[in-house]
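One-letter residues, chain by chain:
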Amino acid sequence: MREPENDPLQQLIGLLKSSSSLIVFTGAGMSTESGITDYRSKGGLWQRFQPVTIQEFMASADKRRDYWAYKKELYREMKRAKPNAGHLALARLEKAGFLAGVITQNIDGLHQISGIPPEKVIELHGTNRKTVCLKCEDETGWEETLARLEKGEDIPLCLQCGGLLKPATISFGQGLDSGVMTTASMWAQRCDLMLAVGSTLIVEPAASLPRIAKKHGSKLVIINLSETPLDPLADLLITEKAGKILKQVVEFFLGMPIE
Ligand SMILES: [Zn+2]
């Protein structure tokens, strides 16, 4: 039997106990257990669809058609997806007052659906759950857009003004929202424990937020199935699926079952 102090779960529980400002940073690995494919992974959507930049989207009807074909697949996946044990565990932590906020690279909205208040979630890459008109900025729900795609529209246009519609996500070739980044960076500076879950921590700003947290004195825990470039910075590394670990840790920590 392992000594408790060497057991990563016990170590994580110890870190949670001594934290007064926990920020959880989540990537694609957080949602794979909900059936959302990591588009970068093997068999991911990128192997069937070429990424379309915002510039290509604006300039070419063919590219817009490709883009919406890809989004239609993502929407169908999102329609089936439900928060997994990991999402529910984080929502429980929030409800119990132990979670200051979530910063996510995911665009599936599952953290909010699991019960975390929207003001406690920063979506670095925007959200697939809203469609925006690039001309009049009218917003519609994604389900309305999916219904139009399913009916055979290949490039849906704004019903108010005829302008181009796009999901409210950050596209390739488009910079992140500077206000969103400023808030995320502030959260990283203020936390005393950052839990990076299901992110390879390679693309920006995923790579820099944990660094900012560490630089300002926070502890860093990385839960991911593969190695990350920030592993040497971590106070604790757990090579596991996100949902399983978060469920176990939160159940133990709060003394109540999840689900
Ligand atoms: Zn419009």
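Everything below is about the structure shown above.
Since the model is a prediction, treat every value here as computed from it, not as a measurement.

Visitor: I'm lost on the overall build of the protein chain in this one. Help?
Guide: Within the protein chain, the regular secondary structure consists of 9 helices and 9 strands. Here the C-alpha radius of gyration of the protein chain, 19 Å, is about what a compact globule of 259 residues would show, namely 18 Å. With 259 residues in all, the protein chain has 47% of them scored as buried. Taken as a whole, the protein chain presents about 12,600 Å² of accessible surface, with 52% of it coming from carbon and sulfur. Of the charged side chains in the protein chain, 31 are positive and 31 negative; the average position of the first set lies 2 Å away from that of the second.

Visitor: In this structure, what is going on with the coordination of the zinc ion? I would like to understand it.
Guide: The expected angle between donors at a tetrahedral four-coordinate metal is 109.5 degrees. At an octahedral six-coordinate metal it is 90 or 180 degrees. Looking at the zinc ion, one finds its protein donor set to be Cys-133 (SG), Cys-136 (SG), Cys-158 (SG) and Cys-161 (SG), positioned 2.3 Å from the metal centre. Considering all 4 donor atoms around the zinc ion, angles at the metal cover 100 to 114° and the coordination shape is tetrahedral. Between consecutive donor residues of the zinc ion, the sequence gaps follow C-x2-C-x21-C-x2-C. Linking Cys-136 in the loop between strand S4 (126-133) and strand S5 (139-141) with Cys-158 in the loop between helix H6 (142-150) and strand S6 (165-169), this pair joins segments that are 22 residues apart in sequence. Residue class for Cys-158 comes out buried when judged on its relative accessible area of 6%.

Visitor: Help me understand the nonpolar core in this model?
Guide: It is characteristic of soluble globular proteins that their nonpolar side chains tend to be buried jointly. Counting 31 residues, the largest nonpolar core has Leu-12, Leu-195 and Ile-223 as its most contacted members. With 7 residues, helix H9 (residues 242-254) is the single largest residue contributor to this core. Dropping the residues within four chain positions of it, Leu-195 is found in contact with Leu-12, Leu-22, Ile-23, Val-24, Phe-25, Val-221, Ile-223 and Leu-246.

Visitor: Help me out: how do you make sense of the layout of surface pockets in this one?
Guide: Leftover empty space is mapped by rolling, across the atoms, a probe with the size of a water molecule. What the second largest pocket holds in volume is close to 300 Å³. Tallying contributions element by element places S4 first for the lining of the second largest pocket, with 3 residues. A class-by-class count of the residues in the lining of the second largest pocket yields 5 nonpolar, 5 polar and 3 charged.

Visitor: Honestly, the pattern of salt bridges in this entry has me stumped. Any pointers?
Guide: Pairing is possible between side chains that carry opposite charge, provided their charged atoms lie close to one another. For the structure on display, the rule yields 9 salt bridges. Between Glu-139 and Lys-130 there is a salt bridge, with the nearest N and O atoms lying 3.7 Å from each other. Assessed through its relative accessible area of 47%, Glu-139 is described here as partly exposed. Among the residues examined, Lys-130 registers a relative accessible area of 34% and is labelled partly exposed. Asp-235 is paired through a salt bridge with Lys-214; the nearest N and O atoms lie 3.0 Å apart. Of the two residues, Asp-235 sits in the loop between strand S8 (219-223) and strand S9 (236-238) while Lys-214 sits in helix H8 (residues 208-215), which places them 21 residues apart along the sequence. On the basis of relative accessibility, which here comes to 36%, the residue Asp-235 falls in the partly exposed class. Taken together, the salt bridges that share partners define one network made up of Asp-62, Arg-65 and Asp-154.

Visitor: Whenever I open this one, the packing of helix H7 (residues 178-190) against H8 confuses me. Can you help?
Guide: The relative placement of two packed helices comes down to the angle between their axes together with the axis-to-axis distance. Contact geometry for H7 and H8: axes closest at 7 Å, N-to-C directions at 35°. In the packing of H7 onto H8, the handedness of the crossing is right-handed. Here Ala-184, Ser-185, Ala-188 and Gln-189 of H7 come into contact with H8, specifically with Leu-209, Ile-212 and Ala-213.

Parameters and conventions
- Residues numbered from 1 in each chain as written.
- Predicted model: local features only at pLDDT ≥ 70, side-chain atom pairs only at ≥ 80, totals over all residues.
- Heavy atoms only, no water.
- Helix = DSSP H or I, 4+ residues; strand = E, 2+ residues; numbered from the N terminus.
- Rg over C-alpha atoms; globule rule 2.2 N^0.38 Å.
- Buried < 20%, exposed > 50% of the residue type's maximum accessible area, 1.4 Å probe, protein only.
- Areas by Shrake-Rupley, 256 points an atom, 1.4 Å probe, with all protein chains shown as cover.
- Lys, Arg positive; Asp, Glu negative; His and termini not counted.
- Charge placed at Lys NZ, Arg CZ, Asp CG, Glu CD.
- Donors = N, O, S within 2.8 Å, 3.2 Å for Na, K, Ca; no water.
- Tetrahedral: all angles 85-135°; square planar, octahedral: opposite > 155°, others 65-115°.
- Core = buried A, V, L, I, M, F, W, Y, C linked by side-chain atoms within 4.5 Å.
- Contact = heavy atoms within 4.5 Å.
- 1 Å grid on protein atoms, 1.4 Å probe; cavity = no way out; pocket = protein on both sides within 12 Å on 5 of 7 lines; lining within 4 Å.
- Points joined across faces, edges and corners; volume = space filled by probe spheres on them.
- Nonpolar A, V, L, I, M, F, W, Y, C, P; charged D, E, K, R; others polar.
- Salt bridge = Lys/Arg side-chain N within 4 Å of Asp/Glu carboxyl O.
- Axes fitted to C-alpha atoms, helices over the stretch in contact; angles between N-to-C directions.
- Left-handed = near helix turned anticlockwise from the far one by under 90°.

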